[in-house]
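For reference, the chains in residue letters:
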Amino acid sequence: MTQVSLADLVAGARAGFLVSFPTDTVPALAAIPEKAPLIFAAKQRSQDKPLILMAANAEDLWLYVKGSEKEYNVWQELADKYWPGGLTLVLPASQRLPKVMNPIDPTTIGIRVPNSAIAQTILTQTGPLATTSANFSGQPPLQTMAEIAVQFPQVMTLATTEYQGEMLGMGVPSTVAKWTGINWQILRQGAIKLDISSS
């Protein structure tokens, strides 16, 4: 079994290993952004399906995106309303973003702050991580650490004892909204029912 303590999981992630931990939606398969190719390989995921950059707070994520002051205000407004939570914003990427996170179109990046104490504890210590759901590409997301440990024996999964009593994810992936330069386009309706008619 590859179930590890919180401290070992954080150390493993920092050292460049693949890790998995619960979030407010579905469990994440994660790695530091530079090691994103490990995630694509483990999931057998095509390069045209970008990963999500997840962090403990919005401030850690704004560095990876770029826009006008007006755009930042619009993005911040949505982030203030729905973060932490099950909303991924797809925004123009800054030079800081490693191209391996979105190999086909490195000009955009999805970012999210999860509403999960355990995920935030991990992300506070690792910094932003490249994440996606834990499953082989095209299959439904795995819902438990035990399932993930079986399907991905090479991944360091968080031991169940580390997050007992924690509200576990709802099992529904995040809603994905992409900024078009003028307004929001819903790419995936998920955990959050987005009201963007007013923007």
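Higher on the page you've got the structure.
Everything in this summary refers to the structure shown in the same document. All figures in this text were calculated on a predicted structure; none of them were measured in a lab. Starting afresh in each chain, residues are numbered from 1 along the sequence in its written order. At least 70 in pLDDT is required for a residue's local features to be given in this predicted model, at least 80 for side-chain atom pairs to be given and counted, and no such filter applies to totals for whole chains, interfaces and linings, which use all residues. With hydrogens and water stripped out, all remaining heavy atoms of the structure feed into the side-chain values.

Structural remark: α-helix, 3.6 residues per turn; residues separated by three or four positions point the same way. Where helices and strands are cited, they refer to DSSP runs of H or I of at least four residues and of E of at least two residues respectively, numbered from the N terminus. A helix is expected to span 1.5 Å for every residue after the first. With 14 residues, helix α4 (residues 69-82) extends 20 Å from end C-alpha to end C-alpha; this agrees with the ideal 20 Å at 1.5 Å per step. Among the residues of α4, Glu71, Trp75, Leu78, Ala79 and Tyr82 are the ones counted as buried. Relative to the axis of α4, the buried residues are bounded by an arc of 100° and lie together on one face. Every exposed residue of α4 that faces more than 90 degrees away from the buried side is listed here: Glu69, Lys70, Glu77, Asp80 and Lys81. Between two residues, a contact is recorded if the distance between any of their heavy atoms is within 4.5 Å. The inward-facing, buried residues of α4 contact α3 (58-62), β5 (87-92), β9 (175-179) and β10 (184-188). Partly exposed residues are those whose accessible area sits between 20% and 50% of the maximum for their type, while under 20% is buried and over 50% is exposed, using a 1.4 Å probe and protein chains only. What the arc measures is the spread of directions leading from the helix axis to the C-beta atoms.

Here, axes are lines fitted to C-alpha atoms. For helices the fit covers the stretch in contact, and angles between N-to-C directions go from 0 to 180 degrees. Two numbers describe how helix α1 (residues 6-14) lies on helix α5 (residues 117-126): the axes approach to 9 Å, and their chain directions differ by 45°. When the axes of α1 and α5 are compared, the pair comes out oblique. Considering how the two elements wind past one another, α1 and α5 form a crossing that is right-handed. For the pair α1 and α5, contact is made by Leu6, Leu9, Val10, Ala13 and Arg14 and by Ile118, Thr121, Ile122, Gln125 and Thr126, respectively. Residue classes follow a fixed rule: Ala, Val, Leu, Ile, Met, Phe, Trp, Tyr, Cys and Pro count as nonpolar, while Asp, Glu, Lys and Arg count as charged, and any other residue, Gly among them, counts as polar. Partitioning the contact of α1 with α5 into residue classes produces 6 nonpolar, 3 polar and 1 charged. Here roughly perpendicular refers to angles of 65 to 115 degrees, roughly parallel to angles under 35, roughly antiparallel to angles over 145, and oblique to all remaining angles. When the near helix sits turned anticlockwise from the far one by under a right angle, the crossing is termed left-handed; a clockwise turn instead gives a right-handed crossing.

Moving on, we come to the side chain of Lys43. You can see Lys43 is positioned in helix α2 (residues 36-43). In this structure, Lys43 is buried with no salt-bridge partner, the nearest side chain bearing the opposite charge being Asp48 at 12 Å. N or O atoms within 3.5 Å of each other form a polar contact, as long as, within protein, one can give a hydrogen and the other can take it, and as long as residues adjacent in sequence are counted only when both atoms are side-chain atoms. A polar contact is formed between the side chain of Lys43 and the backbone oxygen of Ser133, at a distance of 2.7 Å. Those residues in contact with Lys43 that lie beyond four places of it in its chain are Leu29, Thr132, Ser133, Asn135, Phe136, Ser137 and Phe152. Only four residue types enter the tally: Lys and Arg on the positive side, Asp and Glu on the negative side, with His and both chain ends excluded. Salt bridges are defined by distance alone: a side-chain nitrogen of Lys or Arg within 4 Å of a carboxyl oxygen of Asp or Glu.

Residue Pro84 follows Trp83 across a cis peptide bond; omega there is -10°. Along the chain, Pro84 turns up in the loop between α4 and β5. Phi angles above zero are rare outside glycine, and Gln44 is one such case at about 55°. Considering the arrangement of structural elements, one finds Gln44 in the loop between α2 and β4 (52-54).

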